[in-house]
Amino acid sequence: MWTARDTSDTHESTIIAIANQKGGVGKSTTAINLGAALAFQGERILLVDLDPQGNTTSGLGVDRSAVISSTYEVLVDETPIEDVIEPTSVRELFLVPATIDLAGAEIELVSLFSREGRLAKALSQIEGQYDFVLVDCPPSLGLLTVNGLAAATEVLIPIQCEYYALEGVSQLMRNIQLVKQNLNPQLEVEGVILTMFDGRTTLSSDVVDQVRTHFGERTYKTIIPRTVRLSEAPSYGEPIEAFDPMSRGAIAYRELAREFRRRHGRT
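For the structure given in this document, a descriptive report is provided here. Residue numbering note: each chain is counted from 1, following its sequence as written. For this predicted model, a pLDDT threshold of at least 70 governs which residues receive local features, and a threshold of 80 or more governs which side-chain atom pairs are given and counted, while totals over whole chains, interfaces and linings are taken from all residues. Derived side-chain values reflect all non-hydrogen atoms in the structure, with water molecules and hydrogen atoms excluded from consideration.

### Overview of unusual backbone geometry
Phase 1: For Glu-92, which is not a glycine, the phi torsion comes out positive at approximately 70°.
Phase 2: Numbering of helices and strands starts at the N terminus; helices are DSSP runs of H or I of at least 4 residues and strands are runs of E of at least 2. Counting through the fold element by element, Glu-92 comes out in the loop between strand E3 (86-87) and strand E4 (93-96).
Phase 3: For Met-196, which is not glycine, the phi torsion reads 60° and is therefore positive.
Phase 4: The topology assignment puts Met-196 in strand E7 (residues 188-197).

Put into structure tokens, the structure is as follows:
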């Protein structure tokens, strides 16, 4: 069972939605490995799996078929989130798991009161108990992603270094702006993370230049490479930091976590 933190002397939790409506851009990989790297660097981290595919859940070694309560129960049944949090194999890294039930939540939420604010309400119950809450949003712009954006103060956008990298990003930015105007005035794009970089191709380098031109200083300097070890780690239920700490992927996510912490004044 997870252990509550003494909140008598803690700062507010920073809630970050990891979002991009394109699939396969490294959202779950980033949620798992940035979360784990931050935990290894001394931060207390909660991952919220908001994706019905449950890649963050299974990638941390949690058997989705054995999960009793999940994000679905938090959103639809208003189960207290503290009853759903599970520890992971990494000290100070905790998880609100997802199951396939979450696929039905998009439809069920439509008729429910305060449907866009249910995750925000749930997370308010554990304010100050984590340094950072990372919300892994599904690859869509539906009600689950809106819940993630409405709960967050910041958005991290992973963009893969491949063809059509910026396709759909303008729509995502419009939706972020709509959520900011109508639901969550605090919401800002914290940064853009370049993922799946292949140094052997000019395309990857071209995409890096394109994204840096488009997003400027919001683009993280650290670039995540495409590696076999990064893609293997989820099948072992471990973050890359535990699976192969000397691999290029682990080194990149460690550096990303340091850069992330510097941006948040946590050096």
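Moving on from the coordinates now.
### A short note on the pairing of E4
Successive residues of a regular strand alternate their side chains across the two faces of the sheet.
Phase 1: Side chains of E4 alternate between two faces, with Leu-93 and Leu-95 and Phe-94 and Val-96 buried alike.
Phase 2: Bridge count between strand E2 (residues 45-49) and E4: 4 bridges; the pairing is parallel. The residue of E4 that forms the bridge with Leu-47 is Leu-95.
Phase 3: Two strands are said to pair when DSSP picks up at least two bridges between them. Two elements, E3 and E4, share 2 bridges in a ladder whose sense is antiparallel. Directly across from Glu-86, in E4, lies its bridge partner Leu-95.
Phase 4: Hairpin connection, E3 to E4: the antiparallel pair is bridged by 5 residues, and Glu-92 has positive phi, about 70°. For each residue, the accessible area found with a 1.4 Å probe, counting protein chains only, is set against the maximum for its type, and the residue is called buried under 20%, exposed over 50%, and partly exposed in between.

### Considerations on empty space enclosed by the protein
Phase 1: Only protein atoms enter the calculation, which uses a 1 Å grid: trapped sets of points that fit a 1.4 Å probe without letting it out are cavities, open sets showing protein on both sides within 12 Å along at least five of seven lines are pockets, and any residue with an atom within 4 Å of a point is a lining residue. Grid points are joined across faces, edges and corners, and a volume is the space filled by probe spheres set on the points. In total, this model carries 1 cavity of 30 Å³ or more according to the counting rule given.
Phase 2: Roughly 40 Å³ of volume is contained in the largest cavity.
Phase 3: If you go around the largest cavity, the residues you meet are Ser-13, Ile-15, Leu-123, Ile-126, Glu-127, Tyr-130 and Val-133.
Phase 4: The classification used treats Ala, Val, Leu, Ile, Met, Phe, Trp, Tyr, Cys and Pro as nonpolar, Asp, Glu, Lys and Arg as charged, and all other residues, Gly among them, as polar. Considering only residue class, the lining of the largest cavity consists of 5 nonpolar, 1 polar and 1 charged.

### Regarding the environment of Asn-33
Phase 1: Note that Asn-33 resides in helix H1 (residues 27-40).
Phase 2: According to the relative accessible area criterion, Asn-33 is buried, its value standing at 6%.
Phase 3: When the C-alpha positions of Asn-33 and Arg-212 are compared, they lie 23 Å apart, and in sequence the two are 179 residues distant.
Phase 4: Asn-33 has contacts with Leu-230, Pro-239, Ile-240 and Tyr-253, leaving out every residue within four places of it along the chain.
Phase 5: Polar contacts here mean pairs of N or O atoms no more than 3.5 Å apart (in protein, one a potential hydrogen donor and the other a potential acceptor; neighbouring residues in sequence count only if both atoms are side-chain atoms). Polar contacts involving the side chain of Asn-33 include one to the main-chain carbonyl oxygen of Thr-29, which spans 2.9 Å. In what follows, residue pairs with any heavy atoms lying within 4.5 Å of each other are defined as contacts.

### With respect to the environment of Arg-229
Phase 1: Inspection of the secondary structure puts Arg-229 in helix H9 (residues 228-232).
Phase 2: When near neighbours in sequence (up to four residues on either side) are disregarded, Arg-229 contacts Ile-240, Phe-243, Asp-244 and Ser-247.

### Remarks on the environment of Gln-171
Phase 1: Here Gln-171 is to be found in helix H7 (residues 169-182).
Phase 2: Taking the C-alpha atoms as reference points, Gln-171 and Leu-141, 30 residues apart in sequence, are found 9.1 Å from one another.

### Thoughts on the pairing of strand E1 (residues 14-18)
Phase 1: Extensive coverage of E1 is indicated by the burial of 5 of its 5 residues.
Phase 2: Along E1, one buried face is formed by Thr-14, Ile-16 and Ile-18 and the opposite face, lined by Ile-15 and Ala-17, is buried too.
Phase 3: In terms of strand pairing, E1 meets strand E5 (residues 132-136) through 5 bridges, oriented parallel. When the bridges of E5 are listed, Ala-17 appears paired with Val-135.
Phase 4: One ladder, built from 3 bridges, connects E1 with strand E6 (residues 154-160); its direction is parallel. Counted as the bridge partner of Ile-18 is Leu-156 from E6.

### Regarding the pattern of salt bridges
Phase 1: Criterion for a salt bridge: a side-chain nitrogen of Lys or Arg within 4 Å of a carboxyl oxygen of Asp or Glu. Evaluated as defined, the whole model comprises 15 salt bridges.
Phase 2: Lys-180 is paired through a salt bridge with Glu-188; the nearest N and O atoms lie 2.7 Å apart.
Phase 3: On the basis of relative accessibility, which here comes to 43%, the residue Glu-188 falls in the partly exposed class.
Phase 4: A salt bridge links Glu-241 to Arg-254, with the shortest nitrogen-to-oxygen separation between them at 2.8 Å. Separated by 13 residues along the polypeptide, Glu-241 in helix H10 (residues 240-243) and Arg-254 in helix H11 (residues 248-263) bring together distant segments of the chain. Accessibility classification places Glu-241 together with Arg-254 in one group, the buried group.
Phase 5: One network of salt bridges, in which partners are shared, links Glu-43, Asp-131, Arg-261 and Arg-266.

These figures come from the coordinates and say nothing about function on their own.
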